[in-house]
Amino acid sequence: ERGTVIGQFPHAFPASVAIGYGLHGLSGARDTIAVWAILGLLSVYFAFSHVVGRRAAFAGAVLVAMTLRVAVFAVSDFQVDEAWITYRYAENIARGWGFVYNLGERAYGTATPLLTLLLAVANWLGLPSVQAALGINLLATGLTLVAAALLLAPRVAVPYAGLALGLIALAPSH
């Protein structure tokens, strides 16, 4: 049909995800999608760096990365068992029962004591653990991106710094 734009590689994405799945199961499929996302971030940077400048294109790519992180979390709602253990400790602290998983059993079992305490404060304020954890995660990711950008910018070419920041932004949070 005339006037229709057809992509040159319409099957490359699903085929690569299938190959990733075949090689390493769900983790391989997820990692393949992350690689495509990083390539997309680099394309955003390169496409807009000539139009709006390198710094603005870099900032736009970082914003896209953070948006993708929120979208992936919203769609998948993937949580590993360690997260639920941390949530239970936080909820028990917020209720005033102390740093316990089960009432009456004083056993330490969380791998993230600072996150547990931050979530306990959020629970005490009435925020659900899952949403509070997402907010803390996004804040920590944003601060990590800013710190990495400040450290990398004077030492590394912008595209490589962008790749590093894309990896940080899209890295699984579990």
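Residues numbered from 1 in each chain as written. Predicted model: local features only at pLDDT ≥ 70, side-chain atom pairs only at ≥ 80, totals over all residues. Heavy atoms only, no water.

Draft legend 1. The overall build of the protein, seen in detail. A tally of regular secondary structure across the protein gives 6 helices and 0 strands. Reading the protein from its N terminus to its C terminus gives the helix and strand order α-α-α-α-α-α. A total of 174 residues make up the protein; the buried ones form 28% of that total. Across the protein, every contact between residues at least 6 apart in sequence was considered, and the portion connecting residues at least 24 apart equals 55%. As displayed, the protein has an accessible area near 11400 Å², and 70% of this comes from carbon and sulfur atoms. (Helix = DSSP H or I, 4+ residues; strand = E, 2+ residues; numbered from the N terminus. Buried < 20%, exposed > 50% of the residue type's maximum accessible area, 1.4 Å probe, protein only. Contact = heavy atoms within 4.5 Å. Areas by Shrake-Rupley, 256 points an atom, 1.4 Å probe, with all protein chains shown as cover.)

Draft legend 2. Region of the structure containing the side chain of S129. Within the element layout of this structure, S129 appears in helix α5 (residues 129–152). At 3.2 Å, the side chain of S129 forms a polar contact with the side chain of N123. Those residues in contact with S129 that lie beyond four places of it in its chain are Y87, E91, L119 and N123. (Polar contact = N/O pair within 3.5 Å; in protein donor to acceptor, adjacent residues only side chain to side chain.)

Draft legend 3. A look at helix α1 (residues 12–52). Across its 41 residues, α1 extends only 30 Å between first and last C-alpha, which sits more than 12% below the 60 Å expected from 1.5 Å per residue. Along α1, the sharpest kink reaches roughly 145°, centred on H24. Looking one or two places after α1, you find G53, whose phi comes out positive at around 100°. (Expected span 1.5 Å × (residues − 1). Bend = angle between axes of the 7 residues up to and from the residue.)

Draft legend 4. Representation of helix α4 (residues 113–124) in the model. Between the first and last C-alpha of α4 there are 16 Å, a value that for 12 residues agrees with the 16 Å anticipated at 1.5 Å per step. Along α4, the positions that sit buried rather than exposed are T116, L119, A120, A122 and N123. Taken down its axis, α4 places every buried residue within 160° of arc, on the same side. Relative to its buried face, α4 has exposed residues pointing more than 90 degrees away, namely L114 and W124. Once α4 finishes, G126 follows within two positions and takes phi at roughly 95°, a positive value. (Arc of directions from axis to C-beta.)

Draft legend 5. Seen up close, the packing of aromatic side chains. If you walk through the whole model with that rule in mind, you get 4 aromatic pairs. The interplanar angle of 90° and the centroid separation of 5.1 Å between the aromatic rings of W84 and Y87 together place this pair among those described as edge-to-face. Here W84 and its partner Y87 are both found in helix α3 (residues 81–94), 3 residues apart, which amounts to about one turn of the helix. Look at W84 and you get partly exposed, because its relative accessible area is 46%. (Phe/Tyr/Trp six-rings, centres within 6.5 Å; stacked < 30°, edge-to-face > 60°.)

Draft legend 6. Structural detail: the confidence of the model for the protein. Per-residue pLDDT for the protein has a mean of 78; in total, 74% of the residues score no lower than 70. Within the protein, no element has a lower average pLDDT than helix α6 (residues 158–170), which sits at 63, and none a higher one than α4, at 95. (pLDDT = per-residue confidence, 0-100.)

Draft legend 7. How the structure looks around the nonpolar core. One finds A83, Y87, A90, L119, A120, A122, V130, A132 and A133 forming the largest nonpolar core, which totals 9 residues. Going through the elements one at a time, α3, α4 and α5 are the ones with two or more residues in this core. (Core = buried A, V, L, I, M, F, W, Y, C linked by side-chain atoms within 4.5 Å.)

Draft legend 8. View of a nonpolar patch on the surface. Residues F13, I33, V35, W36 and L39 make up a contiguous nonpolar surface patch of about 450 Å² in total accessible area. Assignment of secondary structure puts V35 in helix α1. (Patch = residues over 30% accessible without salt bridge, like charges linked within 9 Å, V, L, I, M, F, W, Y side chains within 5 Å. Salt bridge = Lys/Arg side-chain N within 4 Å of Asp/Glu carboxyl O.)

Draft legend 9. Local environment of the environment of G142. Relative to the elements of secondary structure, G142 occurs in helix α5. With 80 residues separating them in the primary sequence, G142 and V62 have C-alpha atoms 9.1 Å apart.

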